[in-house]
Amino acid sequence: LTGVLDDCLCDIESIDDFNTFKIFPKIQKLQERDYFRYYKVNLKRPCPFWADDGHCSIKDCHVEPCPESKIPVGIKAGSSNKYSKAANNSKELEDCEQANKLGAVNSTLSNQSKEAFIDWARYDDSQDHFCELDDERSPDAQYVDLLLNPERYTGYKGPSAWRVWNSIYEENCFKPRSVYRPLNPLAPSRGGLEFDGLFSRTGLCLEKRVFYKLISGLHASINLHLCANYLLEETWGKPRWGPNVKEFTRRFDPIETKGEGPRRLKNLYFLYLIELRALSKVAPYFERSVVDLYTGNGHEDAESKALLLDIFRDTKSFHMHFDEKSMFAGDKKGAKSLKEEFRLHFKNISRIMDCVGCDKCRLWGKLQTQGLGTALKILFSEKEIQSLPENSPSKGFQLTRQEIVALVNAFGRLSTSIRELQNFKVLLQQTR
């Protein structure tokens, strides 16, 4: 892949260099920090769109939840909006009953700040969230250590996986009504997770092209992770995981995919640009002194925030950002209607993730979808972010810890995808 991406003034080589030398090493370290490695998720939510066709019984589909004793005390107690010590006082940590009450905030806060926290907890997310959020208070919601449950090939495929992607592309992606190219899980030379990229070049407006590219890029990224972390062999109960060049070729080679493979990978780069732009835009939110990335370990929290701010400085230094101002720039009524359609389509896709039959695939699907949804929320909230108060929560723009963890890890997955793509280039050259 070379050259300039469609719909933006950025070339692939610049992204490769920027990711390899600046972003990838730092985002890897950040994902290992306690604040970002524990993600609370409900993997038992029923599929809202069709009758459950059973869960994957393959052992690699299993997700090992994290024992309560392993979760940092500052993360597991209190509100889902934990980013500051003020929202996690010592009394709250000692008293589980009190931790579940809206008013359980530091008594040293002013009444105004208390009201802001309470307002935050009750904040109606229906207008600015692009994702269906899990209820962290549900008894089915569990913390998962992402480092111990890596995204990789599980063997989950066939009609169940096909139906998920088919629903996403055919029912929730913008495309001309005249174009109908259903996926075929029974095609002999194509896998159940293949899709067609025709929709991205049939005269759609910028916003709808962007939406399709985001979903296509996410799909390409997920497929890359599976190819890069594939079960190569298992002898005497000892599995060996690594890159599978044959699988990579099947999913992305121009001949194997009838010319669509390179386009899918270009959409991955486009998605990377979108989430990179969101990180640069949300920096002021985290630069405030009220934000601690609180886990209960003051030293670790300070290091985590310093590393995150360092990454933000890198994102701001990138000189070929996507210009989101070009989107929804028409007449106000039409732009508002299109933006709402955009949001609802994406929210529906986040709900489809509860239909994935493999728990590990569902975990990473939900996380990466929520991360992208959070990025979109950021890009559409620039004015609210710029007017944030320095020392108290804002009513205009909030991020829950769940959203913050998803945002960082989703971008980390994209960074890894682009890095793995460089590895596959080398491996392909070696096999020729």
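Quick caveat: nothing in here was measured; it's all calculated off a predicted structure.

Bridge count for strand β3 (residues 230-235) against strand β4 (residues 238-242) is five bridges, and the pairing is antiparallel. Counterpart to Thr235 in the pairing with β4 is Lys238. The turn joining β3 and β4, which pair antiparallel and follow one another in sequence, is formed by two residues; a positive phi near 55 degrees is taken by Trp236.

Moving on: the packing of aromatic side chains. Within the structure shown, the criterion is met by 12 aromatic pairs. On the basis of an interplanar angle of 50 degrees and a centroid distance of 4.7 Å, the ring pair of Phe18 and Phe318 is categorised as tilted. Of this pair, Phe18 sits in helix α1 (residues 12-31) while Phe318 is found in the loop between α11 (298-317) and α12 (332-352), placing the two residues 300 residues apart along the sequence. Neither residue differs from the other here; Phe18 and Phe318 are each classed as buried. Summarising the aromatic geometry, the rings of Phe286 and Phe312 are spaced 5.6 Å apart at their centres and angled 35 degrees between planes, so their arrangement reads as tilted. Of the two residues, Phe286 is situated in helix α10 (residues 261-287) and Phe312 in helix α11; the sequence distance between them amounts to 26 residues. We note that Phe286, like Phe312, is buried. One aromatic cluster is present, formed by Tyr285, Phe286, Phe312 and Phe397 through successive ring pairs. The ring of Trp241 carries Arg152 above its face, with NZ or CZ at 3.9 Å from the centroid. Positioned above the aromatic ring of Tyr285, the side-chain terminus of Arg288 is 4.7 Å from the ring centre.

Within the largest apolar cluster, 103 residues are counted, with the highest numbers of intra-cluster contacts made by Ile15, Leu214, Tyr272, Val282, Phe286 and Leu363. Here this core gets 15 residues from one element, more than from any other, and that element is α10. Counting five residues, the second largest nonpolar core, distinct from the first, contains Tyr38, Cys66, Ile75 and Tyr143.

A separate point is the environment of Phe211. Take Phe211: it is sitting in helix α8 (residues 206-228). It is 9.8 Å that separates the C-alpha atoms of Phe211 and Leu271, two residues lying 60 residues apart in sequence.

Next up on the list: the UniProt feature "binding site: FAD" (unreviewed entry) in the protein. The UniProt record annotates "binding site: FAD" (unreviewed entry) at Arg152, Thr154, Trp165, Ser216, His219 and Arg251. Inspection of the secondary structure puts His219 in helix α8. There is a polar contact of 2.9 Å between the side chain of His219 and the side chain of Tyr169. Tracing the chain through its elements places Arg251 in helix α9 (residues 245-252). Among the polar contacts listed, one links the side chain of Arg251 to the side chain of Glu247, at a separation of 2.8 Å.

Criteria and cut-off values
- Residues numbered from 1 in each chain as written.
- Predicted model: local features only at pLDDT ≥ 70, side-chain atom pairs only at ≥ 80, totals over all residues.
- Heavy atoms only, no water.
- Pairing = 2+ DSSP bridges.
- Helix = DSSP H or I, 4+ residues; strand = E, 2+ residues; numbered from the N terminus.
- Phe/Tyr/Trp six-rings, centres within 6.5 Å; stacked < 30°, edge-to-face > 60°.
- Buried < 20%, exposed > 50% of the residue type's maximum accessible area, 1.4 Å probe, protein only.
- Lys NZ or Arg CZ within 6 Å of the ring centre and 35° of its normal.
- Core = buried A, V, L, I, M, F, W, Y, C linked by side-chain atoms within 4.5 Å.
- UniProt positions renumbered as here; feature names shortened; annotations may be inferred.
- Polar contact = N/O pair within 3.5 Å; in protein donor to acceptor, adjacent residues only side chain to side chain.

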